[in-house]
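In case you want the letters, here they are:
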Amino acid sequence: MGRPRKILRPAPEPADLSSPEVRIDQLTGGRVLVAPGRAGRPDDFTAGDWRPSTGEGCPFCEGNESATPPETEAERPDSGEANGPGWVSRTVPNLYPAVSRPEGEADDPEAVRKLPDRAGAESSAFSSPADPLLASGRGSEPDMFASRPAVGAHEVIINSPEHVASIADLDDAALAAAARAWRSRMRAHQDSAYVQLILNQGPASGASLEHSHAQLGAMEFVPPAVARERERVGAYRERTAGASLLGEILREEIRRGDRLVAIDDEVALVCPWASRHPYEMRLIPRRPIARFEEDEGGVEMLGRAVRALTGLFGDPCQLNLWVRTAPRGVEHFHWHLDLIPRLEPASAFEMATGVDINIVTPESAAETLRDAL
Ligand SMILES: [Zn+2]
């Protein structure tokens, strides 16, 4: 494991934006308006008081295994019966899945890929990130109302047998066990077009159960944001005869230092140039490893990051976390993990445009977070 290092280089003064700025995300091409407001110090955010319960009757607590569907996987260090106690992490199917394998449906991914679309279009329109209206196999009759069964898997990975509401409350060993389970389940679904690992923490983040858990969506399509990143990473690699786009960004972030929060031998933690949200952080492996699930690093730094957010925004801190890993069949990619404290709900501007307004510059966020870490 990498030993955390204090950043010794004196950080440049944070950019004091006198007027708002449009920034382009290097990985996705997305735009962000960085418009520092009067609010912006950690104390200015009132994320809403969240007081988790003691866990009475919680279906995710150890001992209540019968309250969930039968487990898909669990880690039991001292062996023990499936669907009984003694686990450190436990995966169960989501009771209300966003994607699912229909009853009686073939378990063969090839067969799933060949499922007919309800509009009668070629399946390729759905397995590709392209707009199905434009990508229709029947050029003369575009699919105005395209749909097909949302095939895949939606799993809940319970991070701890104890009723903890925040991953900041997991010690390094417990967080490592949780991350091991995330990675193991992602590998289990490596035949899917894309596997999305997310974690919601707190009611404002979208979590419906407070007992800490991650969720995995294994899908038969590559979400557009991921596809854009894959395309940009691939194009950059071609243009530069083999360089990793995120690797080059990271090298420059380390050199500049003003958005760098922390670094160790395995990973670096930065506030991204085009951060969409205040105090957003990105955890980046220092070597360009394509898949999160095939790496082991970053867990210690993740623990430091969530504990810093807890120190700044309240215990427990409401947050969203997600992993971006290589889609199926993509060899050249650079995984990263994104983490945002959930400080404010989305406004109509963001919904209308897909462009976020961030009222805290990533440079000043990084300065605050460096001190908190
Ligand atoms: Zn619980």
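See the structure printed just above.
The number of helices and strands found in the protein is 9 helices and 13 strands. Taken over 373 residues, the protein has a buried fraction of 42%. When contacts within the protein are restricted to residue pairs at least 6 apart in sequence, those whose partners lie at least 24 apart make up 69%.

The element strand 5 (residues 152–158) is largely enclosed, with a buried count of 7 among its 7 residues. Here strand 5 shows two buried faces, one formed by Gly-152, His-154, Val-156 and Ile-158 and the other by Ala-153, Glu-155 and Ile-157. Bridge count between strand 4 (residues 89–93) and strand 5: 4 bridges; the pairing is antiparallel. Residue pairing in the sheet places Thr-91 in a bridge with Ile-157 of strand 5.

Before going further, it helps to examine the packing of helix 7 (residues 299–313) against helix 9 (residues 362–372). Relative to each other, helix 7 and helix 9 sit at 105°, their axes nearing to 9 Å. Relative to helix 9, helix 7 is oriented roughly perpendicular. Here helix 7 contributes Ala-308, Gly-311 and Leu-312 to the contact with helix 9, which in turn contributes Thr-368, Leu-369 and Ala-372. Broken down by class, the residue content of the contact of helix 7 with helix 9 amounts to 4 nonpolar, 2 polar and no charged.

This part takes up helix 9. Structural remark: α-helix, 3.6 residues per turn; residues separated by three or four positions point the same way. Within the span of helix 9, buried status applies to Pro-362, Glu-363, Ser-364, Ala-365, Ala-366, Thr-368 and Leu-369. Where helix 9 is buried, its residues contact strand 8 (260–263), strand 10 (281–285) and helix 7.

Next up on the list: the nonpolar core. Nonpolar side chains tend to gather and get buried jointly when the protein is soluble and globular. Ala-178, Val-261, Leu-269, Leu-283, Ala-305 and Leu-309 are the most contacted members of the largest nonpolar core, which totals 79 residues. When residues of this core are assigned to their parent elements, the largest contribution, 9 residues, is made by helix 7.

Here we come to the sheet that holds strand 10. Pairing in this open sheet of 10 strands is antiparallel, and the strands run 3-4-5-7-6-11-12-10-9-8 from one edge to the other. The sheet terminates laterally at strand 3 (73–75) and strand 8, the two strands that pair on one side only. Neighbour-to-neighbour, the strand axes of this sheet turn through a mean angle of 20°, independent of strand direction. Bridge count for strand 10 against strand 12 (residues 336–341) is 3 bridges, and the pairing is antiparallel. Residue pairing for strand 12: Leu-283 is matched across the bridge by Leu-337. Contacting strand 3, strand 4, strand 5, strand 6 (194–201) and strand 7 (213–219), helix 4 (residues 172–188) crosses the sheet at an angle of about 40° to strand 4.

Scoring rules and cut-offs
Residues numbered from 1 in each chain as written. Predicted model: local features only at pLDDT ≥ 70, side-chain atom pairs only at ≥ 80, totals over all residues. Helix = DSSP H or I, 4+ residues; strand = E, 2+ residues; numbered from the N terminus. Buried ≥ 20, exposed ≤ 12 C-beta atoms within 10 Å, placed from the backbone. Contact = placed C-beta atoms within 7 Å. Pairing = 2+ DSSP bridges. Axes fitted to C-alpha atoms, helices over the stretch in contact; angles between N-to-C directions. Parallel < 35°, antiparallel > 145°, perpendicular 65-115°, else oblique. Nonpolar A, V, L, I, M, F, W, Y, C, P; charged D, E, K, R; others polar. Core = buried A, V, L, I, M, F, W, Y, C linked by C-beta atoms within 7 Å.

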